[in-house]
8 protein chains.
Amino acid sequence: MKPLVSIIMGSTSDFPVMKGAAEILNTFEIPFEINALSAHRTPGEVEAFSKSAYDNGIRVIIAGAGMAAHLAGVIASMTTLPVIGVPIKASLDGLDALLAMVQMPPGIPVATVAIDGSRNAGILAVQILAAGDPGLQQKLVSFKTELKEKIVKANQELSTAKYKYRVK
Amino acid sequence: MKPLVSIIMGSTSDFPVMKGAAEILNTFEIPFEINALSAHRTPGEVEAFSKSAYDNGIRVIIAGAGMAAHLAGVIASMTTLPVIGVPIKASLDGLDALLAMVQMPPGIPVATVAIDGSRNAGILAVQILAAGDPGLQQKLVSFKTELKEKIVKANQELSTAKYKYRVK
Amino acid sequence: MKPLVSIIMGSTSDFPVMKGAAEILNTFEIPFEINALSAHRTPGEVEAFSKSAYDNGIRVIIAGAGMAAHLAGVIASMTTLPVIGVPIKASLDGLDALLAMVQMPPGIPVATVAIDGSRNAGILAVQILAAGDPGLQQKLVSFKTELKEKIVKANQELSTAKYKYRVK
Amino acid sequence: MKPLVSIIMGSTSDFPVMKGAAEILNTFEIPFEINALSAHRTPGEVEAFSKSAYDNGIRVIIAGAGMAAHLAGVIASMTTLPVIGVPIKASLDGLDALLAMVQMPPGIPVATVAIDGSRNAGILAVQILAAGDPGLQQKLVSFKTELKEKIVKANQELSTAKYKYRVK
Amino acid sequence: MKPLVSIIMGSTSDFPVMKGAAEILNTFEIPFEINALSAHRTPGEVEAFSKSAYDNGIRVIIAGAGMAAHLAGVIASMTTLPVIGVPIKASLDGLDALLAMVQMPPGIPVATVAIDGSRNAGILAVQILAAGDPGLQQKLVSFKTELKEKIVKANQELSTAKYKYRVK
Amino acid sequence: MKPLVSIIMGSTSDFPVMKGAAEILNTFEIPFEINALSAHRTPGEVEAFSKSAYDNGIRVIIAGAGMAAHLAGVIASMTTLPVIGVPIKASLDGLDALLAMVQMPPGIPVATVAIDGSRNAGILAVQILAAGDPGLQQKLVSFKTELKEKIVKANQELSTAKYKYRVK
Amino acid sequence: MKPLVSIIMGSTSDFPVMKGAAEILNTFEIPFEINALSAHRTPGEVEAFSKSAYDNGIRVIIAGAGMAAHLAGVIASMTTLPVIGVPIKASLDGLDALLAMVQMPPGIPVATVAIDGSRNAGILAVQILAAGDPGLQQKLVSFKTELKEKIVKANQELSTAKYKYRVK
Amino acid sequence: MKPLVSIIMGSTSDFPVMKGAAEILNTFEIPFEINALSAHRTPGEVEAFSKSAYDNGIRVIIAGAGMAAHLAGVIASMTTLPVIGVPIKASLDGLDALLAMVQMPPGIPVATVAIDGSRNAGILAVQILAAGDPGLQQKLVSFKTELKEKIVKANQELSTAKYKYRVK
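Draft legend 1. Fine view of the relation of the copies chain B and chain D. For the pair chain B and chain D, the superposition axis carries a translation of 0.0 Å, the fit reaches an RMSD of 0.0 Å, and the rotation angle comes to 90 degrees. The two molecules are tied by a four-fold rotation axis, judged by turn and shift. Considering only C-alpha atoms, the residue of chain B closest to the rotation axis is Asp-93 of chain B, which sits at 5.6 Å. The overlap is low: 4% of the interface residues of chain B also sit at the interface in chain D, so different surfaces are used on the two sides.

Draft legend 2. Here's a closer look at the environment of Ile-61 of chain G. Tracing the backbone through its elements, the reader meets Ile-61 of chain G in strand β3 (residues 60-66). Those residues in contact with Ile-61 of chain G that lie beyond four places of it in its chain are Ser-6, Ile-8, Phe-49, Ala-53, Ile-75, Thr-79, Leu-81, Pro-82, Val-83 and Ile-84 of chain G.

Draft legend 3. Broad picture of the pairing of strand β1 (residues 5-9) of chain C. All names here are of chain C. Counting buried residues in β1 gives 5 out of 5 residues, a clear majority hidden from the surface. Two elements, β1 and strand β2 (residues 32-36), share 5 bridges in a ladder whose sense is parallel. Each bridged residue has a counterpart across the sheet, and for Ile-8 the counterpart in β2 is Asn-35. With helix α1 (residues 15-27) bridging β1 and the parallel β2, this β-α-β connection has right-handed handedness.

Draft legend 4. Local environment of the pattern of salt bridges. In total, this model carries 32 salt bridges over all chains according to the counting rule given. Where Lys-51 of chain B meets Glu-47 of chain B, a salt bridge forms, and the shortest distance between an N and an O atom there is 2.8 Å. Of this pair, Lys-51 of chain B and Glu-47 of chain B both sit in helix α2 (residues 43-52), separated by 4 residues, roughly a single helical turn. A relative accessible area of 17% means that Glu-47 of chain B is categorised as buried. For Asp-93 of chain G, the salt bridge goes to Lys-89 of chain G, with nearest N and O atoms at 3.6 Å. Under the relative-accessibility criterion, Lys-89 of chain G is labelled partly exposed at 46%.

Draft legend 5. Inspection of the pairing of strand β1 (residues 5-9) of chain F at higher detail. Residue and element names in this part refer to chain F. Of the two faces of β1, the one holding Val-5, Ile-7 and Met-9 and the one holding Ser-6 and Ile-8 are both buried throughout. As paired elements, β1 and strand β3 (residues 60-66) share 5 bridges and run parallel to each other. By the bridge assignment for β3, Met-9 is matched with Gly-64.

Draft legend 6. Representation of the relation of the copies chain H and chain G within the structure. For the match of chain H to chain G, the screw axis carries a shift of 0.0 Å, the RMSD comes to 0.0 Å, and the turn is 180 degrees. Taken together, the rotation and translation relating the two chain copies correspond to the operation of a two-fold axis. Looking at chain H, 100% of its interface residues are interface residues in chain G too, so the copies touch through the same face.

Criteria and cut-off values
- Residues numbered from 1 in each chain as written.
- Chains lettered and ligands numbered in written order.
- Predicted model: local features only at pLDDT ≥ 70, side-chain atom pairs only at ≥ 80, totals over all residues.
- Heavy atoms only, no water.
- Least-squares fit on C-alpha atoms with pLDDT ≥ 70 in both.
- Contact = heavy atoms within 4.5 Å.
- Helix = DSSP H or I, 4+ residues; strand = E, 2+ residues; numbered from the N terminus.
- Buried < 20%, exposed > 50% of the residue type's maximum accessible area, 1.4 Å probe, protein only.
- Pairing = 2+ DSSP bridges.
- Right-handed = clockwise from strand over helix to strand, strands pointing away.
- Salt bridge = Lys/Arg side-chain N within 4 Å of Asp/Glu carboxyl O.

This is the structure we're talking about:
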């Protein structure tokens, strides 16, 4: 089994956030790998990873980093694979990481999701892989249905909030 | 020829920004369509489009909008295709559109690029389609080489800036 | 008894904030309903609700959501009723939700109140209903008087703060 | 004919923005008045206006102001009518006016629309008045249909943008 | 003894912040009064206070408020006395209160100090009163000297931080 | 005639903004001086000025500067006179200058007015001087009345805006 | 042993942040001194320090301060030594301190590092000193290698996160 | 003559901003080189440059870039030389570039100057080189004196602004 998705984070301290992506990929039964590589502290490793990812079978890269979050952009500059960026909240409420990821100059996009939005990064990776995989498409349709059912169910819990003038 | 990518914008006044995506797709010879649909003014059309896009052969959607930019998120809620969002600068330097696009709640990602970054949206769409298309991969590699050559060439123009203590 | 006001929230986890609106409506003896509906996870339900609200007797809608808060705008695009938006603080101190609600494009307004300002959303709903209801007007006048009395009373508690040079 | 809506602006220099509200009210054939009153420079006039507005037949107030925009809040503190606030861009891209309007403390709501969003303020006023007026409801439905038709028509203009790989 | 300075706060919950001003005035032996008055909930009381303050002997007003902090500006519009504004952190890290206080339009200044900066508001009030009072001037000079001595003394505590390469 | 107010600006390029303060002081017939002194480029001159200002008869200092605007704070650290700060818009819409002026640490207040708000700085200086000068008080009262009359007059110009449904 | 680097902080309460710089200098065996001096409360001491630093053998100054952080700029205005600024988070998430440090006007640079980034300030000081010191260069090379090894090692801890579809 | 300082910019379009650094270095007669290299489009060239800079005699690197400005940080990750970052205003008033440069994670500092502050970057480079070069120190002292003289002279121009109550 070779990984299709590679999850990279700037520091192992980002794992509590980034595990959201791993859980989604696991749920969708997509083989993946997880590693901590820093754009600033291990630039050589980042380069080696980025340049060989396509040939190693990777089809989507998810990169999470905080502060002046260069990791996703640096990887994107050295691969033709789609790179999904997760800005991690470490300072300034995550605004610095968001801007440092999303505001990429023309030529090198990073597909940025919400601050600490690693679950969405995982789902986006699945959506990208599903473009050419009808089975995965079907799983996404089911996943969306479950999201809906969850909120419908949760809504029922709201019925415990009683007010004299509430109408049900 | 059926379109693989659909470019949607919230208003025809967004076309001067969004044509960047069209030009990229044209360059990569990827069939695409362009339409103006508003999440707020034509919600029915947005729904009809979103729900049928996959069956109509679309594989990636690019959505651009300004201000409280809901278009990309609304489309994403009604399709399993990857949706790329382009925040358009119409007020507050585009910060409102950026946040209204990228900060999607868990379950429904939007792959957001830079403010007014429609060229990058086009490139990201190509990268997504190229995951399963070696020919397109090769074109992306060439595209990256050209980006590099352009800056190397532009660098030569800098040589016209003469200073007594500049060393070349 | 049919509800005149409908309180919608993007997730049941928003209830601790949104109950402020319910309490106000209860105080003013205005029949209301509360539901959790997500613009992104249950778009069909949101549409069904929005399109039938007026015919079902609803006269004002209060919608609360966080992050890229599209709920209020999406509802507003499918009804002619006034929609009051409550931006909920879930990230970036609520600034993302505020901008994603208030910065609506021309044609589809959302009457936005303060971040987490659900009590004010309730009061605004009452003020809208009171336009044609002298009895409700009178209750609003009394409510304002009570607000004043509370702060006058609270002011008396300040008298316990003693300083040598404080004059009373 | 007595006015149902009162448009107040902090300075006559705000008229180029605020006329958007006047145009909407005119289109919907709703009698209105326009005046410039400053919360800071004519507090007495603001008080006199606010306290008598309901008895004078006004049912909705629209207030526009820039910078530390207190006008809407000050009026709201002295009336039980719904007050719609239009933050006007005069400095800091309008962010100061937006926050000074929307972040009202509990008890005194201001129904805030987008920065420079006076057209939406007008539409919101109509929506509020329409709650008890089926004829006005019908006009709003027609207005929404026109908004949709405009964008559908504008979409046709996009067809002039020709690209080799564009599919229509 | 009649008060020379009046400390006003928008709500008694602001007292833990605003007492900083009271302590400074007490230290400088300047008679003062403290009251909670809300621009929005007790506009009549604010007006009565503002219009009579000069005649009652007040020479400086200190007003603290949070969120859309109108209190200082509203008072300033109804008096010719200098009004010092203290933006109180209640939401958005206090940025809303700061902008709603400091960005006053031409004609009606508010002398704004830092977010939660009530001690500085007290000192500024003393500086204003000292313009015509050599005795108070002298106390200010002593106060500045003490500030300096405190930091010089605190500096000595730093000497307990020992590092091999620290030089003293 | 000795100056009572000293206007200091960080650079002569700030004069187009700062002349607003000069005009106000001239209108109120208050003797003043204007100088350009830079906290960063002429620290010695700033020190000499600040330390002698009180003895030279100055009673209020107005300091304007842009970017990392330290001028007002540096002067305030070396005098016991009230220092009014005018943040000048030179970058980041003036937000940097505003924060660098208003967020002074405990002990050294700067009375900050709006970005580019030099007219208000002048008025505030007059209000401070008027605390002990009934004649100046009277002039301020007249000034406020004129402000009011101007807006009342400007309001009449609004009457030229004609709409079928406008009521006058 | 005379100090080569001087660490200055605006208040002793900044020590928990600023000790990061001390630790780095200690690690690199560079003699340094630490003092608390306030631009606002001890301007004379700041001046005396700044003007004599070069002659006392200091080659780099590190200055940390919060809020309207003038310390680094004020020192930089009175020395020709490079001054490294550490914005300290005390309010507004440190954004005020960052802008008040980094946005220096032309002529007087402050080499600003991240909010609370005192370790980086220490490393930058070492890098500056190492320009002419091959031995120190070598230590920096080793330091970078250790940074890399740490993250490589930490990466191994990630291997404990087990998922069925994780590939290693 | 070998260059001591290397000026790198992300794009030749940054030259109008970055030439400020070149002019300063020329004035101080410090040999330098200028090149355009993009962290994202020519990562290989950036790496080659960064890794050989020290051995090629470079002692300080100045890097300017806009948007998600990674250039300075990427270079800093591959050299032990001090790297000065100039955030260039290309979007969001330069705030994105500022945060993407200055908020570097622990281990890899970038000495950041003001947005578009290339002149200060040049001066900082001179200050760093001057640490071990008394002749350069002397030039810096003269440079500071000239800065002062310029503002003193400019101040004289202010004397042309005549007001009846201006005192000179």
